[in-house]
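# Observations on the model geometry
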Amino acid sequence: MDLLNTLVEKGLRRELPTREEALAVLATSDDDLLDVVAAAGKVRRQWFGRRVKLNYLVNLKSGLCPEDCSYCSQRLGSKAEILKYTWLKPDEASQAAAAGVAGGAKRVCLVASGRGPTDRDVDRVSKTIEAIKEQNEDVEVCACLGLLSDGQAERLRDAGADAYNHNLNTSESTYGEITTTHTYADRVDTVNKAHAAGLSACSGLIAGMGESDEDLVDVVFSLRELDPDSVPVNFLIPFEGTPLAKEWNLTPQRALRILAMVRFVCPDVEVRLAGGREVHLRSMQPLALHLANSIFLGDYLTSEGQAGRADLEMIADAGFEVEGSDTTTLPEHRVAGGGCGSVCGDGGGGCSDGADAGADTTASVAAGEKAAEPAPAGAARTDLVAVRRRGAGTDLAPNA
């Protein structure tokens, strides 16, 4: 296919494809899907080999957010029955982070719900960062605390933060349909503040909210212009009790096409497979490793993820290897340009919500129960959306 040959050549040269080429990737047929994955996989391997970086989320403060982001289970007015708790103490957060590091995570992402941190919140998170670094000297820490005020990014950097995450989520033209309590420009401003402070900027998107192909291309091209070191790709989890609960728009094939498009537009940037992969990619998750070079390990913020052991087995079975702490994530030319060589992220405004197709279902089958019948293609899979009941904010061991 001439389109794919052209995109591979551009990706190997770090050349931006045209909008028409990016749209054409999303318009390819299921018959051409493996060709699309193989082509984008060549670009992924050029810049990242067969390494997969593991990241671990710690939810510092869950629920009760004053913002009205329609996709978020922690939003103002959400009826989703998620865990709700105030700030974890630094030692509690450090203990939660240690579980992820022990499971192989190279980076810990500290996330808190809310519009943005107060100066007291920044002090609190700074102490948490220091506690984590004291226990795990080599671990990288990313903060995701919402909209930043002047000087806050610098204070987080001075406390030892390596990166800051704030997603654009969707295109500028449709942003007002998803959120009304802050603007797209507010989000861009926070990413720029992180950049200016010398933090590794991380910013991505959420697919599956009813957006058009043009919206997806718009937001990815905007991200390319912002030039973050990492781009997390989240797939909407339609939580019951949120305005987008009925938005089941993704198939595994479409999710793979979206990831391929992101890789072609951002060839040498860390593309992270984030919230919703278990819900929407399901058994096709291993194919996504040919497109993304980073994933979260275990659970997410308010939802349960695939069991950590299953993640590691999936990576090995697909012929990839976990990236070690002694390896720089990003290509040399990006590190030389000022990036810290790593990644972090959320599922939008401090929410990275995944779901569990692994631990609970597997246990039921092992116990001799009949496995559920496969759902029709594109059907709602509410059975895969499991609210997190373990780890941070609970007395139960985390899934790492």
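Report on the accompanying structure. (Residues numbered from 1 in each chain as written. Predicted model: local features only at pLDDT ≥ 70, side-chain atom pairs only at ≥ 80, totals over all residues. Heavy atoms only, no water.)

## Quick word on the nonpolar core
Quick reminder of the rule: Only buried residues count toward a nonpolar core, which is a set of Ala, Val, Leu, Ile, Met, Phe, Trp, Tyr and Cys residues joined through side-chain atoms within 4.5 Å. Remark: exposure states derive from per-residue accessible area (1.4 Å probe, protein chains only) relative to the maximum for the residue type, with buried under 20%, exposed over 50%, and partly exposed in between. Under the scheme used here, helices are H or I runs from DSSP no shorter than 4 residues and strands are E runs no shorter than 2 residues, and both carry numbers assigned from the N terminus. In this description, contact between two residues means that some pair of their heavy atoms is separated by no more than 4.5 Å.
Leu-205, Phe-235, Leu-259, Met-261 and Phe-264 are the most contacted members of the largest nonpolar core, which has 60 residues in total. Looking at this core, the element that brings in the most residues is helix α10 (residues 252-265), giving nine residues. Non-local contacts of Met-261, meaning those with residues more than four positions away in its chain, are made with Ala-22, Val-25, Leu-26, Leu-216, Val-217 and Val-220. Counting residues in each nonpolar core, the second largest holds 31 residues, with Tyr-85, Trp-87, Ala-93 and Ala-112 among its members.

## Observations regarding the side chain of Lys-61
Rules: Counted as positive: Lys and Arg. Counted as negative: Asp and Glu. His and the chain ends are not counted at all. In what follows, salt bridge is the name for a side-chain nitrogen of Lys or Arg lying within 4 Å of a carboxyl oxygen of Asp or Glu.
Tracing the sequence through the fold places Lys-61 in strand β1 (residues 51-61). Buried Lys-61, no salt bridge; nearest opposite-charge side chain is Asp-121, N-O distance 6.3 Å. Ignoring sequence-local partners within four residues, the contact set of Lys-61 consists of Gln-74, Tyr-85, Thr-86, Trp-87, Val-111, Ala-112, Ser-113 and Gly-114.

## A word on the pattern of salt bridges
A full pass over the atoms with the stated rule returns 22 salt bridges. Residues Lys-133 and Asp-162 are paired through a salt bridge, measuring 2.9 Å at the closest nitrogen-oxygen approach. Here Lys-133 is found in helix α5 (residues 119-135), whereas its partner Asp-162 is found in the loop between α6 (152-159) and β4 (163-165), with 29 residues between them in sequence. Lys-193 is paired through a salt bridge with Asp-189; the nearest N and O atoms lie 2.5 Å apart. You can see Lys-193 and its partner Asp-189 sitting in helix α8 (residues 184-196), four residues apart, about one turn around the helix.

## Let's talk about the packing of aromatic side chains
Selection rule: Here is the rule: rings of Phe, Tyr and Trp (six-membered ring for Trp) pair when centre to centre is within 6.5 Å. Planes less than 30 degrees apart are stacked, more than 60 are edge-to-face, and the remainder are tilted. The rule is short: NZ of Lys or CZ of Arg within 6 Å of the ring centre and within 35 degrees of the ring normal puts a charge over the ring.
Evaluation of the coordinates by the stated rule reveals one aromatic pair. Between Tyr-175 and Tyr-184, the aromatic rings sit 6.1 Å apart at their centres with planes inclined by 70 degrees, giving edge-to-face as the arrangement. Residue classification places Tyr-184 among the buried positions, given a relative accessible area of 9%. One residue, Arg-50, lies across the ring of Phe-320, its end atom 4.4 Å from the ring centre.

## Brief notes about helix α9 (residues 213-226)
Going by this rule: To estimate the expected span of a helix, subtract one from its residue number and multiply by 1.5 Å.
When the terminal C-alpha atoms of α9 are compared, their 20 Å separation across 14 residues agrees well with the 20 Å that a helix rising 1.5 Å per residue should span. Taken as a whole, α9 has its buried residues at Asp-215, Leu-216, Val-217, Val-219, Val-220, Phe-221, Leu-223 and Leu-226. The inward-facing, buried residues of α9 contact α2 (19-26), α8, β6 (205-207), β7 (230-235) and α10.

## Considering helix α4 (residues 90-102)
Formally: Working note: the arc is built from the helix axis to C-beta atom directions.
A rise of 1.5 Å per residue sets the reference length of α4, with its 13 residues, at 18 Å; its end C-alpha atoms lie 18 Å apart and thus fit the reference within 8%. Within the span of α4, buried status applies to Ala-93, Ser-94, Ala-96, Ala-97 and Gly-100. Viewed end-on, α4 has its buried residues packed into an arc of 160 degrees, placing them on one side of the element. What points out from α4, more than 90 degrees from its buried face, is the exposed set Asp-91, Gln-95 and Ala-102. The secondary structure elements touched by the buried residues of α4 are β1, β2 (107-112) and α5.

Scope: geometric values only; no functional claims are made or implied.
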